[in-house]
Amino acid sequence: MALLPPPENWDKEKPSKDEKTWVYIALLSCLFMFFWMIGWHIFGKQNTSFVSYKVNPMEFFQLYNSFVEKYKIGEKNGTPVVKPPPESDVILLARMWSWSPILVLEKDKWYTFHISSLDLQHGFSLQPVNMNFQVIPGYDHVLKFKPTKEGEYSIICNEFCGIGHHLMIGKVIVIAEGETPEKYLGEIKTEKNDFAEKGYFNQAGKINPE
Amino acid sequence: MFRKCDITGFEVDKRGEALIKVNAVFAVIFFLVAIIAAFFLVLTRHPTIHLLPPHLYYRFLTLHGWNALLFWIIFFEIAGLYFGSTVVLNSRFSSPPLGWLAFFLMLGGALLINYTILQGKADVLFTSYPPLKAHWLYYLGVLLFAIGALLGVILFFANLVVAKREGKWERSLPLFTFGLLTAAIIAVVTLVSGAIIFIPTFLWSLGIIDKVDPENYRIIFWGVGHPAQQINLAAMISAWYLISYLSVGGITPSEKISRLAFLLYIFFINLASAHHLLVDPAVSPAWKVFNTSYAMYLAVLGSMIHAYAIPASVELAQRKRGYRGIFAWLAKAPWGNPAFSAMFISLVGFGFIGGVTGVMIGKEQTNIIHHNTLAVPGHFKGTVVIGTTLAFMGATYYLIPLIFRRKIVLYSLAKVQPWLFGLGIAILAISMLALGYLGVPRRHYDILFSNAPFKHEFNPAMWFFWTLFVIGGVSAVLGALLWILIVVLSVFFGPKLKGPEDMQIPIVLPPQEEKKNPSHSSILCPGTLTLIFIFFVWFMTYFFLNWKWLSATWYVK
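Quick notes on the rules
- Within each chain, residues carry numbers counting from 1 in the order of the written sequence.
- Key to labels: chains lettered from A, ligands numbered from 1, both in the order written.
- Only residues with pLDDT of 70 or above have their local features reported here, since the model is predicted, and side-chain atom pairs are shown and tallied only from 80 upward, although totals for entire chains, interfaces and linings are computed over all residues.
- Side-chain descriptors were evaluated using all non-hydrogen atoms of the structure, hydrogens and water having been removed beforehand.
- Here a strand is any run of E in DSSP of at least two residues, a helix any run of H or I of at least four, and the numbering for each starts at the N terminus.
- We compute the radius of gyration over the C-alpha atoms and compare it with the globule rule, which gives 2.2 Å times the number of residues raised to the power 0.38.
- Accessible area is worked out with a 1.4 Å probe on protein chains only. A residue is then buried under 20% of its type maximum, exposed over 50%, and partly exposed in between.
- Here the Shrake-Rupley method, with its probe set to 1.4 Å, supplies the accessible areas, and only the displayed protein chains count as covering residues.
- Positive charges are assigned to Lys and Arg, negative charges to Asp and Glu, while His and the chain termini are left out of the count.
- In plain terms, the charge of a residue is placed at NZ if it is Lys, CZ if Arg, CG if Asp and CD if Glu.
- Annotation comment: domain bounds sourced from an automatic or database domain assignment.
- A patch consists of residues exposed above 30% relative accessible area that lack any salt bridge, with like charges linked at up to 9 Å and nonpolar side chains (Val, Leu, Ile, Met, Phe, Trp, Tyr) linked at up to 5 Å.
- We count a salt bridge whenever a side-chain nitrogen from Lys or Arg sits within 4 Å of a carboxyl oxygen from Asp or Glu.
- Note on pairing: DSSP must find at least two bridges between two strands before they are called paired.
- What counts as an axis is a line fitted to C-alpha atoms, over the stretch in contact for a helix, and the angles between N-to-C directions run from 0 to 180 degrees.
- Here the word oblique covers every angle except those under 35 degrees (roughly parallel), over 145 (roughly antiparallel) and from 65 to 115 (roughly perpendicular).
- The hand of a helix crossing depends on one turn: near helix anticlockwise from the far one by less than a right angle means left-handed, and clockwise means right-handed.
- In this description, contact between two residues means that some pair of their heavy atoms is separated by no more than 4.5 Å.
- Charged residues are taken to be Asp, Glu, Lys and Arg, nonpolar residues to be Ala, Val, Leu, Ile, Met, Phe, Trp, Tyr, Cys and Pro, and polar residues to be all remaining types, Gly included.
- For the purposes of this section, nonpolar cores are sets of buried Ala, Val, Leu, Ile, Met, Phe, Trp, Tyr and Cys residues that join through side-chain atoms within 4.5 Å.
- Simply put, the buried area is the total loss of 1.4 Å probe accessible area from both parts when two parts are fitted together.
- In protein, a polar contact requires one atom able to donate a hydrogen and another able to accept it; more generally it is a pair of N or O atoms within 3.5 Å, and residues adjacent in sequence count only if both atoms are side-chain atoms.
- Any helix carries an expected span of 1.5 Å times its number of residues minus one.
- The seven residues ending at a residue and the seven starting there each receive a fitted axis; the angle between those axes is the bend at that residue.
- Aromatic contacts are taken between Phe, Tyr and Trp rings whose centres are within 6.5 Å, Trp giving its six-membered ring; a plane angle under 30 degrees counts as stacked, one over 60 as edge-to-face, and the others as tilted.
- Counted as over-ring charges are cases with an Arg CZ or a Lys NZ within 6 Å of the ring centre that also lie within 35 degrees of the ring normal.

Take the overall build of chain A next. For chain A, the helix and strand inventory stands at three helices and 12 strands. For chain A, whose C-alpha radius of gyration is 24 Å, the value lies well above the compact-globule estimate of 17 Å for 210 residues. By its C-alpha atoms, chain A is 85 × 35 × 35 Å across when sized along the principal axes. Taken over 210 residues, chain A has a buried fraction of 56%. Carbon and sulfur atoms make up 58% of the accessible area of chain A, which totals about 8,800 Å². A gap of 4 Å separates the mean positions of the 22 positive and 25 negative side-chain charges of chain A.

Right under this line is the structure:
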């Protein structure tokens, strides 16, 4: 009767039993789905982060430089290859149209990623595990990751960032403790690294508070 | 000023009717632009066909987004709002000159946007996230279009007030108009958000202010971008009720519950701008959980109520005609009526594809495995295309004889059209969802990374889905072109409709009320109840599958 005014007493009419049953089932499933999300924060292993900072893009770039300088173990296709120690802060820089550096991580260890952009918005898309996060200039997106499987991973950009968007790709290598990344990357030019305190980073690989 | 419709008996204000016509005609023109762009996009996204060069791909994507998502739908909705607030109430149009002003503002805005895009001065995609910057004319176009649409919505409210004052309706509006009222209220919130964010963005493009914070932009932009789709949702559901009434004499099972469902939309649905910020920095998980779920999924509850009420309205009417058994009412439904088949495909497609995937993409944690993958446009192909667009196509089959007073040309092809378009979009949407699960990004020119410094190979299963993608996409384009052809030929060259005897598409009156009141203790719609439980099982299966897929990824917190 959608085109006619409703009957005089429409608000007094009792709904039929089947419609009422369905409304209750629907309501219960809605509440269930809501509390499931909160439950996943307590019991689940994949949640979004409570931490992010505003950051000046130039300052973030300096942070990136000192991170690369401290932990660089080589270079591949012009991109530095960096192996930070487990539990450390990891800097990942997005810009038109590259992800830098190439990260070498150990399986089953936690790393605190700081992801930001120098220019436009970018999309951090880790493949093939298919985990996706937004990267925004001026914001440091802090995400704690624990890789669960060894292998070669790609970081694709999945936020449009201009004409070269589809050329933007980076790599993450996950190895077992004591392994080297050459298995996945081929030869990388290596240099000596003394893991001393450098720039913004202290001995333990954490960003200095100042 | 009025003509009396010899088919429906409605008093039609001719000045309002002219506005309905012009808005509907331009909706179809912009739809044609969107479909031409869509054809090239389908054949460019397939990794080996690759029809367009990259710059044209991104340009056509911008063009497709604006024309399909906004111009086609908003022009059609404005026509629908005018129809629901004048014709259905036998009332007059409050201010035709302002109606024309609204139309020309929207048209001017739309042309300006399309012009800047085609000139290559706005390769920023539909979302135009700063610091990506377009030419200032582009933002001016957005503002003009939004102001025009806002004026149209205000005229809808004015029409309702005029009709009430002149005694055309008393206590309650018809459900169809009530649904449109919901859409209009959501539209106000949407368009005001648009003004809030596009005014500073416009000033920024002129160099008057030097920065638009990208995160603030995202939060407020999605107050336009997402609720704009909720206008479509409310308008689509209104169109479903309308078509159910016209094609089978549908009887709404409970006016009270259906209206409550619309009310839930008004209160909760605008929270969903959070859907786009679930993996953003700067907003906390608590904010995300509350907003993305429309405060405990209360808007989803509204949709689930309509998902029952609409097939039930068909079933109730059919049962009163004497169809028994669980599904006889559905089997004997008027499938040869293109409006009915469009409505039903739209309903099923929206629920099973668009709605269910929307809930899972919109959950805070499972968004991690969806954000900006091809699954996202796959989802909204399942809502705004198979849902809204197909519902509007169905409604058009009634608009042509009733408002344009023409016979439908190629009526036998019109019977096939909803199937061609609906099934095409369903295949397209499902293939995009599958590709999204394999990690394939949306808005990406070359997923083979032919010229990139590193390679990445997606799961080879993707090739199967790329083939489906092209098959579905091309059928949908053909279905859409067929619809445009039928509409244009009918409206401009079709034979004039002389009277009720020329109606090809039947209007079926509701069956007579039975003498005794139906008992409320028994089950009235066993068929609908069965269908909705199949839907529920699918919904819950998909729900748990997603959590299983999510739990296979790295740990993150």
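If you check the domain split of chain A, you get domain 1 (14-47) and domain 2 (52-185). Taking only C-alpha atoms into account, the centre of domain 1 of chain A sits 37 Å from that of domain 2 of chain A.

Our next topic: a positive patch on the surface. Together, K45(A), K144(A), K206(A) and K557(B) line one region of the surface with positive charge. Among the secondary structure elements, K45(A) is positioned in the loop between α1 (17-43) and β1 (52-54).

Here we take up the sheet that holds strand β12 (residues 169-175) of chain A. Residues and elements named next belong to chain A. Ordered by their spatial adjacency, seven strands build an open sheet running β2-β3-β6-β12-β11-β8-β9, and the pairing between neighbours is mixed. Whereas interior strands pair on both sides, the edge strands pair on one side only; in this sheet they are β2 (72-76) and β9 (131-135). The average angle at which neighbouring strand axes cross in this sheet is 25°, direction not considered. Relative to strand β11 (residues 151-157), strand β8 (residues 122-127) runs antiparallel, the two sharing four bridges. Bridging across to β11, S125 finds its partner in I156.

Residues and elements named next belong to chain B. Helix α11 (residues 338-361) packs onto helix α6 (residues 214-248) with a crossing angle of 140° between their chain directions and a minimal axis gap of 9 Å. Compared by their axis directions, α6 and α11 come out oblique. Crossing hand, α6 versus α11: left-handed. Only A339, F340, M343, S346, L347 and F350 of α11 make contact with α6, whose side of the interface consists of L233, M236, W240, I243, S244, S247 and V248. When the residues that make up the contact of α6 with α11 are grouped by side-chain class, the tally is 10 nonpolar, three polar and no charged.

Before going further, it helps to spend a moment on the side chain of T388(B). Examined against the element boundaries, T388(B) turns out to sit in helix α12 (residues 375-402). With residues near it in sequence (within four places) discarded, T388(B) still touches I73(B), N232(B), M236(B) and T383(B).

Residues and elements named next belong to chain A. Burial runs high along β12: seven of the seven residues are buried. Neither face of β12 is open: one carries I169, K171, I173 and I175, the other G170, V172 and V174, and all of them are buried. Note that strand β6 (residues 102-106) and β12 share four bridges and pair parallel. Within the sheet, the bridge partner assigned to V104 lies in β12 and is I173. Here six bridges tie β11 to β12, and the two strands are oriented antiparallel to one another. Paired with E152 across the strands is I173, a residue of β12.

With that out of the way, let us pick up the nonpolar core. Within the largest apolar cluster, 271 residues are counted, with the highest numbers of intra-cluster contacts made by W99(A), F124(A) and Y138(B). For this core, the element with the most residues is helix α2 (residues 54-87) of chain B, which contributes 20 residues. In this structure, this core is formed jointly by two domains, domain 1 (14-47) and domain 2 (52-185) of chain A, each of which donates at least three residues. Residues within four places of Y138(B) in sequence aside, it is in contact with W66(B), I113(B), T116(B), I117(B), A122(B), V124(B), L125(B), F126(B) and S128(B).

Moving on, we come to the interface of chain B and chain A. Each partner contributes to the interface: chain B provides 107 residues, whereas chain A provides 86 residues. In this assembly, chain B packs against chain A so that about 9,000 Å² is buried in total across both faces, 69% of it on carbon and sulfur atoms. For K54(A), the salt bridge identified is with D213(B), shortest N-O distance 3.5 Å. Connecting chain B to chain A are 44 residue pairs in polar contact (both at pLDDT 80 or more).

What follows covers helix α9 (residues 294-320) of chain B. All names here are of chain B. Here α9 spans 38 Å end to end across 27 residues, near enough to the 39 Å set by a 1.5 Å rise per residue. Where α9 bends most, at L301, the angle is about 25°. Most of α9 sits inside the fold, with 23 of its 27 residues counted as buried. Just downstream of α9 lies G322, where phi reads positive at about 105°.

Residue and element names in this part refer to chain A. For strand β7 (residues 111-117), the buried fraction is high: seven of the seven residues fall into the buried class. Here β7 shows a buried face lined by Y111, F113, I115 and S117 and a second buried face lined by T112, H114 and S116. Sheet topology places strand β4 (residues 89-95) next to β7; six bridges connect them, and they run parallel. Residue pairing for β7: I91 is matched across the bridge by H114. By the bridge criterion, five bridges tie β7 to strand β10 (residues 139-146) in an arrangement that is antiparallel.

This part covers the packing of aromatic side chains. Any aromatic ring pair is given by two values, namely how distant the centres are and how the planes are angled relative to each other. Residues and elements named next belong to chain B. By the definition in use, this model includes 74 aromatic pairs over all chains. Measuring from ring centre to ring centre gives 6.2 Å for W72 and F392, while their planes differ by 70°; the resulting arrangement is edge-to-face. Note that W72 is positioned in helix α2 and F392 in helix α12, a separation of 320 residues in sequence. Exposure remark for W72: the relative accessible area of 1% places this residue in the buried category. What makes F392 buried here is its relative accessible area of 4%. Directly above the ring of W169 sits K164, whose terminal nitrogen or CZ lies 4.6 Å from the centroid. Against the face of F178 rests R259, its NZ or CZ located 5.0 Å from the ring centre.

It is worth spelling out the packing of α2(B) against helix α3 (residues 96-118) of chain B at this point. All names here are of chain B. Relative orientation of the contacting elements α2 and α3 amounts to 170°, with a least axis distance of 10 Å. When the axis of α2 is compared with that of α3, the two are roughly antiparallel. Seen from α2, the contacting residues are R59, T62, L63, W66, N67, F71, I74, F75, I78 and Y82; seen from α3, they are G99, A102, F103, M106, L107, A110, I113, N114, I117 and L118. Considered class by class, the residues forming the contact of α2 with α3 number 15 nonpolar, four polar and one charged.

It is worth spelling out the environment of F2(B) at this point. All names here are of chain B. One can find F2 in strand β1 (residues 2-4). F2 sits in the partly exposed class, given a relative accessible area of 33%. Separated by 85 residues in the primary sequence, F2 and V87 place their C-alpha atoms 10.0 Å from one another. When near neighbours in sequence (up to four residues on either side) are disregarded, F2 contacts E11, V12, D13, K14, N90, S91 and R92.

Before going further, it helps to examine the environment of H275(B). Residue and element names in this part refer to chain B. Positionally, H275 belongs in the loop between α7 (255-268) and α8 (285-292). We classify H275 as buried; its relative accessible area is 13%. Between the C-alpha atoms of H275 and T177, which are 98 residues apart in sequence, the distance is 28 Å. Once residues lying within four places of it in the same chain are set aside, the contact partners of H275 are H226, T292, Y294, G362 and N367. Separated by 2.9 Å, the side chain of H275 and the backbone oxygen of T292 make a polar contact.

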